[in-house]
Amino acid sequence: MRRILLKGGRVIDPATRTDDHVDVLLDGGRVAEWGDDLEGGEGTRTIDVTGAIVAPGLVDMHVHLREPGREDEETIESGSVAAAHGGITAVAAMPNTTPAIDTASWVQFVRSKRTPIAVYPIAAITLAREGKTLTEMAELSDAGAVAFSDDGSPVVNPSVMRRALEYSSMVGRPIISHCEDLELSGRGVMNEGLASTTAGLRPIPAAAEEVAVARDIILARTTGAKLHVAHVSTRGSVELVRRAKEDGLAVTCETCPHYFALTDDDVRSYDTSLRVNPPIRSAADVAAIRIGLADGTIDAIASDHAPHSLEEKQVEFDAAPPGMIGMETLLPLTLTYLVQSGTIALERAIELLSTDPASILGIPHGNLEVGSRADVTVFDPDWAWEVEESWFRSKSKNSPFIGRTLTGRVILTISEGEIVFEEDGAATDDDGEAAEKREHLARELSLHS
Amino acid sequence: MSWTNKHLLGLEGVGRDEILTVLDTAAKFREVLDRPVKKVPTLRGVTIVNLFFEASTRTRMSFELAEKRLSADTLNFSASTSSVKKGETLRDTARNIEAMMVDMAVIRHSSPGAPHFLTQHLDVSIINAGDGAHEHPTQALLDLFTMRDHIGDLAGKRVTIVGDIVHSRVAKSDAWGLAALGADVTFCGPTTFMPAEVERLGVTVTSDIHEATHDADVVNILRIQKERQEGGFLPSLREYTRLFGIDQARLAEMRPDVLIMHPGPINRGVELAPDVADGERSVILDQVTNGVAVRMAIIYLLSRVRAQERIEEPEILAEVGL
């Protein structure tokens, strides 16, 4: 493990309230030193990151890696490579695989994979995600599960959810709830509103999510347990979580880029990559999500990376499975639709993408303090580029953002001191001209796209 | 004449001039249907496939007849969506049919957007013959044709559509078309049958049948599907009929020259009393006859656009010396 010196970057580390131009030295998989005009010494790779942001590695707390079961769509390894490409150095993998991750040996299976970044298993709340019998949460936790979730399905029975919250509090790990009332969402495939009325697609009302969020918040109050609400997408859900936090409950939540970058009007194209659950919401919901991200109601931005094969998605809209890939566009979408638009500052973006999800999961990521794990994401916040299908490293390509121009691009990802992704020619060894070279490269790439 | 669209996917976004072009063209074909020999050679050599993924009798017959009256070659493909789901995908079915060198496809499908999907995968003209609860543009065009035939210019006319709006592709296509021609549209039905934010389509929404119909020029009554009761939308068909069914008593409260329309098939005694359906204000069978003429017009106009595209191909080949 060699030494890496990142020179000339702007270091933003919310955990230490740092926003400063300072050099960072990584050594032995740890952050070794911060300082002005650091010299690496012999055997050090010195990288000029002038003009770029140096941030703690991103933490994506909600991804579907499809292994075991659908290795044609993604594997733990291919998903990790895609994550590194997106500047992510830790992911939490949802257990809705086939079979579900509901025993210690399956947790160990996920952890046994050699991956360029850290992959943390989330274990199921109930056996086979059937919503009936609780999993052995203590053993699962000992085996390395960082949270519990039946994501993909809600825990329908409120009594089972109550017991799950009670039991998990003994282990101290959060329940991540997929909040959906299946009776209210029915056979719906898009958000209920003017867009569903004109598109003629069966609607899913905001109430299908909000009724379930309200129920789980009430159960969190009853039990005092840690509840994390997954993929919050509506104004009503944001209000419910805000109120729960004001009441001092241990409730946290996440949203996903598609809930602040897209509106249900986009779905009128019938593009199946826009079929996702919960559905892409109205402009009013998007506005509320953005406010929730800015005022601290929403704690994290996660991708809900959900790979699907082309054959499965190249069908009628209501026959397509829900989900879109998202790890690789997580940071650029956040920068384009939240930071560029002035909704939140860069430091808050990094908090949402790294510091806070790491803290919700209790994993040793999300900060650049000396002595901490050397997970670093370096990105150019101003680089405008067009998303192309061939650019993705995920096995699946179901992204609605193909063809869009985004601002901000990862140029270097370091996981535990190892470079796991490097944009060709963008992060150059120190010769004092890195920023100019990168600008030139950005121009070249945009000419070609 | 103004028609440049390659496909007919819906009436949303279709302008007044385009709609009038269709209606004027249909009027000419309507005359053909009254002749002893009801056939023109216009589309000889053009092949049209009717893709019916959802059960339909009258719409399919109307399209078939329109195609035959224009001398096109036709082939029919019928399959229930469920059997397609188990086996071949829509894309594969369509590409196989395209490989048979057809020029145009008429599609009826239970999935909204299925016709759009075909336009992305095929190089043939697509006509939407009804896609889920999205649109049914040829039905709306025949409705407009029938209304105009009886009451003239539709600008400022009051048209009320009664019934199951939320599941109706006809109501929406009618609303787009009527709006383009300047008519005032009212949707009337139980609140459970109103889709979200429907008033933003520019229509008046009410559950008061008297208010909706007493001064209407046209009352278009939608079919109530019996399974809606089981879906929890209605307590009973009986209560629906009591509140919204059109019978002689309700008809008597309407203008004496009101037009009673229905896209068919009728649930007699549910949404419409038999003596009103067969009565003198009813133009329901005119709608059926006009449907053939309107579909002939659409097929003709789309084939003209396609022919113009094709004429350019030999010219391009000539330019490159082939």
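Nothing here was measured: the structure is a model prediction, and the numbers come from that model.

## Quick word on the overall build of chain A
Thought 1: Along the backbone of chain A there are 14 helices and 21 strands.
Thought 2: Computed over the C-alpha atoms, the radius of gyration of chain A is 21 Å, within 12% of the 22 Å expected from 2.2 N^0.38 for a compact globule of 449 residues.
Thought 3: Projected onto the principal axes, the alpha-carbon positions of chain A cover approximately 60 × 50 × 40 Å.
Thought 4: Sequence separation of 24 or more characterises 74% of the internal contacts of chain A that already satisfy a separation of 6 or more.
Thought 5: Working note: accessible area of chain A is about 15900 Å², and carbon and sulfur atoms make up 47% of it.
Thought 6: Here chain A carries 41 positive and 72 negative side-chain charges, and the mean point of each set is 4 Å from the other.

## A short note on the interface of chain B and chain A
Thought 1: The partner chain A presents 15 residues to the 22 residues of chain B that form the contact.
Thought 2: Carbon and sulfur atoms make up 59% of the surface buried where chain B meets chain A, a total of about 1600 Å² over both sides.
Thought 3: Looking at the side of chain B facing chain A, the largest losses of area belong to P112(B), F117(B) and A196(B), adding up to 27% of the total buried there.
Thought 4: Across the contact surface, chain B and chain A share one salt bridge.
Thought 5: One salt bridge connects R268(A) with E12(B), and the closest N-O pair in it is separated by 2.4 Å.

## Points about the side chain of T47(B)
Residues and elements named next belong to chain B.
Thought 1: Take T47: it is sitting in strand β1 (residues 47-52).
Thought 2: The buried category is assigned to T47, whose relative accessible area is 17%.
Thought 3: Those residues within four positions of T47 in sequence are excluded, and the remaining contacts are D73, L75, M101, V102, D103 and M104.

## As for the state of the cysteines
Thought 1: With the rule as written, the count across this model stands at zero disulfides over all chains.
Thought 2: Of all cysteine sulfurs, the one in C179(A) lies closest to C253(A), which takes part in no disulfide; the gap is 9.9 Å.

## Comments concerning the domain arrangement of chain A
All names here are of chain A.
Thought 1: According to the domain assignment, chain A contains domain 1 (3-54 + 373-447) and domain 2 (57-361).
Thought 2: Here domain 1 and domain 2 have C-alpha centroids that lie 27 Å from each other.
Thought 3: Each side of the interface is counted separately: domain 1 has 35 residues, and domain 2 has 48 residues.
Thought 4: Summed over the three residues of domain 1 that lose the most area to domain 2, namely K395, N398 and F401, the buried surface amounts to 19% of that side.
Thought 5: Linking domain 1 with domain 2 are two salt bridges.

## Description of the nonpolar core
Thought 1: With 112 residues, the main nonpolar core has L6(A), V91(A), V251(A), V378(A) and F379(A) as its most contacted residues.
Thought 2: The leading source of residues in this core is helix α12 (residues 330-339) of chain A, at seven residues.
Thought 3: Two domains each put at least three residues into this core: domain 1 (3-54 + 373-447) and domain 2 (57-361) of chain A.
Thought 4: Membership of the second largest hydrophobic core comes to 62 residues, among which are V32(B), L154(B), L201(B) and A293(B).

## Overview of helix α4 (residues 90-98) of chain B
Thought 1: If you check which residues of α4(B) are buried, you get L90(B), T93(B), A94(B) and I97(B). Along the axis of α4(B), the buried residues cluster in a sector spanning 95 degrees; they form a single face.

## Quick word on the sheet that holds β1(B)
Residue and element names in this part refer to chain B.
Thought 1: In space, the four strands of this open sheet follow the order β2-β1-β3-β4, with parallel pairing throughout. The open sheet has two edge strands, β2 (73-78) and β4 (125-131), and neither has a second partner. Ignoring which end each strand starts from, the neighbouring axes of this sheet average 15 degrees apart.
Thought 2: Pairing analysis gives five bridges linking β1 to strand β3 (residues 104-109), with the strands arranged parallel. Along β3, the bridge assignment pairs N50 with V106.
Thought 3: Against the sheet, helix α2 (residues 58-69) makes contact with β1, β2, β3 and β4, and its axis sits at roughly 180 degrees relative to β1, the strand it touches most.

## Some thoughts on the confidence of the model for chain B
Thought 1: Taken over all residues, the pLDDT of chain B has a mean of 92, while the share at 70 or more is 93%.
Thought 2: This complex was scored by the predictor with a pTM of 0.94 and an ipTM of 0.93.

## Digging into the packing of helix α4 (residues 158-171) of chain A against helix α7 (residues 206-223) of chain A
All names here are of chain A.
Thought 1: Their axes nearest at 9 Å, the elements α4 and α7 cross at an angle of 45 degrees. As judged from the angle between their axes, α4 and α7 are oblique. The handedness of the crossing between α4 and α7 comes out as right-handed. Along the contact surface, α4 presents P158, M161, R162, L165 and E166, while α7 presents R215, D216, L219, A220 and T223.
Thought 2: Partitioned by chemical class, the residues of the contact of α4 with α7 number five nonpolar, one polar and four charged.

## Some points on a negative patch on the surface
Thought 1: Taken together, D20(A), D36(A), D37(A) and E39(A) make up a surface patch of like negative charges.
Thought 2: Tracing the backbone shows D37(A) in the loop between β5 (30-35) and β6 (44-48).

## Overview of the packing of α12(A) against helix α13 (residues 346-361) of chain A
Residue and element names in this part refer to chain A.
Thought 1: Interhelical geometry of α12 versus α13 gives an angle of 140 degrees and a closest axis separation of 11 Å. Between α12 and α13, the interaxial angle falls into the category oblique. Crossing hand, α12 versus α13: right-handed. For the pair α12 and α13, contact is made by L330, L331, T334, L335 and V339 and by L346, A349 and L353, respectively.
Thought 2: Among the residues making up the contact of α12 with α13, the classes are represented as seven nonpolar, one polar and no charged.

Calculation criteria
- Residues numbered from 1 in each chain as written.
- Chains lettered and ligands numbered in written order.
- Predicted model: local features only at pLDDT ≥ 70, side-chain atom pairs only at ≥ 80, totals over all residues.
- Heavy atoms only, no water.
- Helix = DSSP H or I, 4+ residues; strand = E, 2+ residues; numbered from the N terminus.
- Rg over C-alpha atoms; globule rule 2.2 N^0.38 Å.
- Contact = heavy atoms within 4.5 Å.
- Areas by Shrake-Rupley, 256 points an atom, 1.4 Å probe, with all protein chains shown as cover.
- Lys, Arg positive; Asp, Glu negative; His and termini not counted.
- Charge placed at Lys NZ, Arg CZ, Asp CG, Glu CD.
- Buried area = accessible area lost by both parts, 1.4 Å probe.
- Salt bridge = Lys/Arg side-chain N within 4 Å of Asp/Glu carboxyl O.
- Buried < 20%, exposed > 50% of the residue type's maximum accessible area, 1.4 Å probe, protein only.
- Disulfide = S-S within 2.5 Å.
- Domains from an automatic or database assignment.
- Core = buried A, V, L, I, M, F, W, Y, C linked by side-chain atoms within 4.5 Å.
- Arc of directions from axis to C-beta.
- Pairing = 2+ DSSP bridges.
- Axes fitted to C-alpha atoms, helices over the stretch in contact; angles between N-to-C directions.
- pLDDT = per-residue confidence, 0-100.
- Parallel < 35°, antiparallel > 145°, perpendicular 65-115°, else oblique.
- Left-handed = near helix turned anticlockwise from the far one by under 90°.
- Nonpolar A, V, L, I, M, F, W, Y, C, P; charged D, E, K, R; others polar.
- Patch = residues over 30% accessible without salt bridge, like charges linked within 9 Å, V, L, I, M, F, W, Y side chains within 5 Å.

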